[in-house]
Amino acid sequence: MTSLVDAHAATSSAATSRPTRSARHQRPANGPRHAARVPAQRRPRNARPAATGSHRAPGTLPIESWLLMGKKRQQVLLASLVAIGIVLLAMPSQQRRDGIDAVNAAAQAVVGVQAGKKTPQAAPPPQSSDRDETTPVKDEAPAKVEPTPTATATKAPPPVQPSKAPADKKENPAGPGQSLRTTGSEVVALTFDDGPDPVQTPRILELLAKYRVKAVFCLVGAQVKRHPDIVRQIVAQGHTLCNHTWDHSLTIGKDKPAKIKADLDRTNAEILAAEPNATIPFFRAPGGNFTDRLVGVAASSAMTSLYWEVDPRDWEHPEKETDAQHVERLIVDVRKQVRPGSIVLSHDFNQPTTIAAYEKLLPWLAANFKLGIPGEASSGPTPSTPPSAPADT
């Protein structure tokens, strides 16, 4: 009972000590008007309440950190893309293709692509079109990835094996303009150009007669007119004549057919004037400058164009070469180049060293080869018929 009274008393006391609503809003009678109002401590309207504890979920970062990280990721990504672009431009095209997977992987790592996440696979790059197709496969670097069984690889052509030259090598018998380069048989023909020479031609005629060798003399019309007696001597010893133009024109092959024929006819007429019984079966262009037109015009006059296979260049005299050296060079060159069927070019006009060289060459040639005229005792095919003369244009 006493406890109940005490509790009631405490409650009454507490109620008595709390000011009533009317008492709180009353002001003293003699005080100032606003003295009774107790100023309340207001916080600013936009002020954020002070945090008294952690309101974040464990293991997370504040939004400011996320924004800063995003900004840094954009910078890193931009710098990485620029670096990748520079590397791709600096790399050769083949290395760019080979390293494209590695570059893609690096770009994915920059933007945070997870390794285990499946992404659509890009189509494989096409085969390189700027590879040199002639490069053998064995010279290329080994591929890093083995081709799939269904892929078709371009096979490089097998290396060309060098062909073995036959032991008895035969040159093309045709010379320029389809002129005659060889005799067509085992016979070796000796030819002498630019005569007749009043001194050197009789010397070579005497030497040929000593070894019973027949040769071909290619005569210049102007020289025939000066020395018709030498022409008669050549024919009398059984040698063969060859038309070598009227004045040794090196460009006659470029003339019109009518002009070429006039030159050749004039030369033949002069030869026949010196020796009416002479025959002229051959024609040789000065310098060997045959053309199809020139060969055709000669053929229209029943003359076969005669080129050569052996040329010791007896007309060439270097400044420091002595006569003895010149003779020795001619002997060595002819012996080195001659073979069965060869036509040998020499000059009797104003070439005393040539005659000196033949003093040693003729015995050797006569002992090792059958010497004669092209087409004589031919065991092979006869020379092809030269083309007909083109129309006069």
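Residues numbered from 1 in each chain as written. Predicted model: local features only at pLDDT ≥ 70, side-chain atom pairs only at ≥ 80, totals over all residues. Heavy atoms only, no water.

Trainee: Help me understand the sheet that holds strand 2 (residues 216–219) in this model?
Mentor: Within a beta sheet, neighbouring strands are joined by backbone hydrogen bonds and run either parallel or antiparallel to one another. The strand order 5-4-3-2-1-6 describes an open sheet built from 6 strands, whose pairing is parallel. The open sheet terminates on both sides in strands that have one partner only, identified here as strand 5 (304–305) and strand 6 (343–347). With 2 bridges connecting them, strand 4 (residues 282–283) and strand 5 associate as parallel partners. Bridge assignment links F282 to a residue of strand 5, and that residue is T304. Those strands touched by helix 6 (residues 200–210) are strand 1 (189–195) and strand 2, and its axis lies near 165° from that of strand 2. (Pairing = 2+ DSSP bridges. Helix = DSSP H or I, 4+ residues; strand = E, 2+ residues; numbered from the N terminus. Contact = heavy atoms within 4.5 Å. Axes fitted to C-alpha atoms, helices over the stretch in contact; angles between N-to-C directions.)

Trainee: Can you help me understand the pairing of strand 6 in this one?
Mentor: The side chains of a regular strand alternate between both faces of the sheet. Within strand 6, 5 of the 5 residues are buried, which leaves the element mostly enclosed by the surrounding structure. Neither face of strand 6 is exposed, since I343, L345 and H347 on one face and V344 and S346 on the opposite face are all buried. (Buried < 20%, exposed > 50% of the residue type's maximum accessible area, 1.4 Å probe, protein only.)

Trainee: Help me out: how do you make sense of unusual backbone geometry in this one?
Mentor: The phi angle of most residues is negative, glycine excepted, and most peptide bonds adopt the trans form. Between G195 and P196 the backbone carries a cis peptide bond, its omega angle lying at 5°. Examined against the element boundaries, P196 turns out to sit in the loop between strand 1 and helix 6. Phi at D194 takes a positive value of approximately 80°, unusual for a residue other than glycine. Relative to the helices and strands, D194 is located in strand 1. Here the phi dihedral of N350 falls at roughly 60°; this positive angle occurs in a residue that is not glycine. Within the secondary structure, N350 is located in the loop between strand 6 and helix 12 (352–368). When its relative accessible area of 54% is taken as the criterion, N350 is described as exposed.

Trainee: In this structure, what is going on with the pattern of salt bridges? I would like to understand it.
Mentor: Opposite charge on two side chains lets them pair, provided their charged atoms get close. A complete count under the given rule lists 7 salt bridges for this structure. Between E309 and R339 there is a salt bridge, with its nearest N and O atoms 2.7 Å apart. Of this pair, E309 sits in the loop between strand 5 and helix 11 (323–337) while R339 sits in the loop between helix 11 and strand 6, and the two are 30 residues apart along the sequence. Take R339: its relative accessible area is 23%, and that puts it in the partly exposed class. Among the salt bridges present, the one from E321 reaches R329, with a minimum N-O distance of 2.8 Å. Through salt bridges that share partners, E321, R329 and D333 make up one connected network. (Salt bridge = Lys/Arg side-chain N within 4 Å of Asp/Glu carboxyl O.)

Trainee: Any chance you could explain the side chain of H239 here in plain terms?
Mentor: For H239, the position within the fold is in the loop between helix 8 (228–236) and strand 3 (240–243). Residue H239 is classed as buried on the basis of its relative accessible area, which comes to 8%. Here A215 takes part through its backbone nitrogen, which lies 3.1 Å from a polar atom of the side chain of H239. Every residue in contact with H239, bar those within four places of it in the chain, is listed here: L205, L208, V213, K214, A215, F217 and I234. (Polar contact = N/O pair within 3.5 Å; in protein donor to acceptor, adjacent residues only side chain to side chain.)

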